[in-house]
Amino acid sequence: MSDATRALSEGVKDLGALAVYRPDFGKQGLRLSAFLPGEALSRAAQFLREKGFTLLDVSTAEFQEGFLVTYHFDSFAEPCRLALRVLLEDKAKPTVPSVYPIFQGAEWHERESYDFFGVIFEGNPNLVPLLLPHDLPGPPPLRKKPDALASFAALGLFGEAEWISPGWPYAPAAAAPDAGEGAPQ
Amino acid sequence: MTGFNFINPFGVSDEPGTYLGDFYTDNFEKKATAGNVILNLGPQHPSTHGVLRVLVELYGEYVLRAEPVLGYLHRMQEKMGEVKTPYQYLPNMGRVDYLNPIAWNWAFAGAVETLAGIEVPERAEYLRVIAAELNRVSSHLLWWGAFVMDLGGVTPILYAFEEREKLNDITQIVTGSRLTLNYFRFGGVGQDGDARFFKLIEEFIPYMRERLKMYTGLVTDNVIFRRRLEGVGPMDESLCLRYGATGPILRAAGVNYDTRLAIPYGVYDRLECPVPTGQPNDCFGRYMIRLLEIEASLTILERALASIPEGPTLVAKAPKPTYKLPAGEVYFAVEGARGQVGCHIVSDGGKTPYRVKLRAPGFSNLSLFAEAAQGTILADAIAILGSLDLVIPEVDR
């Protein structure tokens, strides 16, 4: 982990991250990934904007734990691809604040996630279907059937955690003993 | 029935809220100022390259607001990624962007190889670079012809197609197809090039350099053409950062960023790729960057041909069609003709990937159009749209 990445990792932690991961770039293609609570997202986006980062895409996926919205960022000056994740546990009404005020390009990426998963981005100026017909019947097409849902925590999908906030229940399986001590339950 | 009303065939009334608009027009009209004209460009308009639709609010000839409407060529490629095994899904990559299929081949194959830890033989890496650069030249050529045609010059596209024909003949030797190329395999490439393949590329490089000189005389130095583009649609670094624009648009804005060098993949780090940058950031700068990139690709091709080693083109233990990805996630990006092509795969270790997210550079590049077109005249908005190098199948996926 380089100094720049370490500084970013500390910065993201200070913004109220729930967990910070240290992925293996050669295997995952990411230098850093972090889980954030929804309310810290705008602050984190602003932090990255000031550091010269750009939003590459918004990639949502549905898991047993809820909808996981992943924002991929990269910097053109010092390439350092990283992912910020927000887990939306309320499956009935998954809602996350929009990062449109900071990265205007997010408007379309968020509308795409709205199309495919029905995730609502509060503050998006034009949250209407982008790629799908506005009158498409049925649930959003990339939602999975309950029996097809996987658990990212059980599978340890995001690699080794560097730091986990005490009480955060989705520690990867490998790091579970560590987090168990700090967890209240 | 009272017969067909030729004056007002659809029974449209002037009353507000009863326009003949569809959902998107109605939505767009909500924010319109009374008295302005709402114009629908596309989805069949030739300057919108296929099936893009752009709604514009016009005050006289000035664009007050623009909103691209997507989805006319949406095929749910990401869902197909979830129901097919990676091996079955690979040919889809030739169809996401039909002008630059090799970059998409590379993004998906690279993502799978990175996640699964599959090695790629040296010779295959060089063949990948050769195929990718040939494809980049071919994509830029079609853009060049179509862009000049957007601006009213019909002849150049015929020259561009002559060059493309030669490139198609070359890539057909190794890929077997002329449009939806599917050359990559997990752990290598489909087949090795024969003597004719390498000979044709060697002949093509000097030929293309001569043609580029002709392009300069025919189009680039044309005073009408220059007047049409210079100073039109400036896009600075801040705009690119806010919208995530990459590729020639970003480099024309003066940012020296190319995925081939910034996050090296394949053997690009050994080939010392020249990256043209620092043009004026208007439509003309973006035009020049792409012509310079053709030249740069020819240089990379020369270097790759000079240093390609002998050896196998597919790793010995290449995945079978039933291959399962290990559990995990991966993000892999390559530099396509239009910018950074990214592929994000989440796998739960099952038969098919759990989630495949495709990052299309055209999607982010087009999203800045609404802001860039604001306040320009309609004809300039068409020039800006053309200078973004859009391929709608890629934007819609």
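A. A look at the interface of chain B and chain A. Taken residue by residue, the interface counts 50 residues in chain B and 53 residues in chain A. Counting the surface lost from both chain B and chain A, the interface buries some 4,300 Å², and carbon and sulfur atoms represent 60% of this. Three residues, Glu329, Tyr331 and Tyr354 of chain B, lead the burial of chain B against chain A; their summed loss comes to 18% of the area buried on that side. Taken together, chain B and chain A are joined by four salt bridges. For Glu112 of chain A, the salt bridge goes to Lys357 of chain B, with nearest N and O atoms at 2.7 Å. On inspection of chain B and its partner chain A, the count reaches 24 residue pairs in polar contact (both at pLDDT 80 or more). The residue makeup of the side of chain B that touches chain A, split by class, is 24 nonpolar, 13 polar and 13 charged.

B. View of the pattern of salt bridges. All names here are of chain B. Tallied over the entire structure, the rule returns 33 salt bridges over all chains. The partner of Glu57 in a salt bridge is Arg65, and the shortest N-O contact between them spans 2.9 Å. The network of salt bridges with common partners includes Glu133, Arg136, Arg251, Asp258, Arg260, Glu293 and Glu335.

C. A look at the packing of aromatic side chains. All names here are of chain B. Enumeration over the complete set of coordinates arrives at 25 aromatic pairs over all chains. Plain terms: the ring middles of Tyr89 and Phe108 are 5.1 Å apart, the flat faces sit at 85° to each other, and that makes the pair edge-to-face. With Tyr89 in helix α3 (residues 86-89) and Phe108 in helix α5 (residues 101-116), this pair connects stretches of sequence that are 19 residues apart. Given the relative accessible area of 0%, Tyr89 is considered buried. You can call Phe108 buried: its relative accessible area is 1%. Residues Trp106 and Phe184 carry aromatic rings whose centres are separated by 5.5 Å and whose planes lie at 55° to one another, so their mutual orientation is tilted. Taken together, the residues span a long stretch of sequence, with Trp106 in helix α5 and Phe184 in strand β4 (residues 184-185) at a distance of 78 residues.

D. Molecular detail of the nonpolar core. Counting residues in each nonpolar core, the largest one holds 157 residues, and the members touching the most others are Tyr71 and Leu84 of chain A together with Ile130, Tyr287 and Phe369 of chain B. With 14 residues, helix α6 (residues 122-150) of chain B is the largest single contributor of residues to this core. Here this core gathers at least three residues from each of two domains, domain 1 (1-74 + 382-392) and domain 2 (77-359) of chain B. Residue contacts for Phe369 of chain B: discarding those within four places in its chain leaves Val54, Ala66, Pro68, Ala381, Ile384, Leu385 and Leu388 of chain B. Judged by nonpolar contacts, the second largest core, of 20 residues, contains Ala150, Phe152, Ala153 and Phe158 of chain A.

E. Seen up close, the sheet that holds strand β1 (residues 19-21) of chain A. Residues and elements named next belong to chain A. With mixed pairing, the six strands of this open sheet are ordered in space as β3-β4-β5-β2-β1-β8. Only two strands of the sheet have a single partner each, and these edge strands are β3 (53-63) and β8 (161-164). With strand direction ignored, the average angle separating the axes of adjacent strands in the sheet is 15°. Pairing geometry for strand β4 (residues 66-75) and strand β5 (residues 82-88), over seven bridges, is antiparallel. For Phe73, the partnering residue across the bridge sits in β5 and is Leu82. Sitting on the sheet, helix α3 (residues 41-50) touches β2 (32-36), β3, β4 and β5, and the angle it makes with β5 is about 170°. Here helix α4 (residues 106-117) sits on the sheet in contact with β3 and β4, set at roughly 10° to β3.

F. Local environment of the sheet that holds strand β3 (residues 62-69) of chain B. Residue and element names in this part refer to chain B. Ordered in space as β1-β2-β3, the three strands form an open sheet in which the pairing is antiparallel. Strands with a single pairing partner mark the edges of an open sheet, and in this sheet they are β1 (37-41) and β3. When the angles between neighbouring strand axes are averaged without regard to direction, this sheet yields 20°. Bridge count between strand β2 (residues 53-59) and β3: seven bridges; the pairing is antiparallel. Paired with Leu58 across the strands is Val63, a residue of β3.

G. Spotlight on the domain arrangement of chain B. Residues and elements named next belong to chain B. When cut into domains, chain B gives domain 1 (1-74 + 382-392) and domain 2 (77-359). Computed over C-alpha atoms, the centres of domain 1 and domain 2 are 33 Å apart. At the interface, 10 residues of domain 1 touch 20 residues of domain 2. Taken together, both faces of the contact between domain 1 and domain 2 bury some 1,200 Å²; the carbon and sulfur share is 64%. When residues of domain 1 are sorted by the area they lose upon contact with domain 2, Ser387, Asp389 and Val391 head the list and together hold 46% of the total. For the pair domain 1 and domain 2, the interface holds two salt bridges. The partner of Asp389 in a salt bridge is Arg290, with the nearest N and O atoms 3.7 Å apart.

H. Spotlight on helix α1 (residues 3-14) of chain A. Here α1 of chain A contains 12 residues, and its C-alpha end-to-end distance of 16 Å stays within 8% of the 16 Å for a straight helix at 1.5 Å per residue. In this structure, the buried residues of α1 of chain A make contact with β1, β2, α3, β3, β5 and β8 of chain A.

Criteria and cut-off values
- Residues numbered from 1 in each chain as written.
- Chains lettered and ligands numbered in written order.
- Predicted model: local features only at pLDDT ≥ 70, side-chain atom pairs only at ≥ 80, totals over all residues.
- Heavy atoms only, no water.
- Contact = heavy atoms within 4.5 Å.
- Buried area = accessible area lost by both parts, 1.4 Å probe.
- Salt bridge = Lys/Arg side-chain N within 4 Å of Asp/Glu carboxyl O.
- Polar contact = N/O pair within 3.5 Å; in protein donor to acceptor, adjacent residues only side chain to side chain.
- Nonpolar A, V, L, I, M, F, W, Y, C, P; charged D, E, K, R; others polar.
- Phe/Tyr/Trp six-rings, centres within 6.5 Å; stacked < 30°, edge-to-face > 60°.
- Helix = DSSP H or I, 4+ residues; strand = E, 2+ residues; numbered from the N terminus.
- Buried < 20%, exposed > 50% of the residue type's maximum accessible area, 1.4 Å probe, protein only.
- Core = buried A, V, L, I, M, F, W, Y, C linked by side-chain atoms within 4.5 Å.
- Domains from an automatic or database assignment.
- Pairing = 2+ DSSP bridges.
- Axes fitted to C-alpha atoms, helices over the stretch in contact; angles between N-to-C directions.
- Expected span 1.5 Å × (residues − 1).

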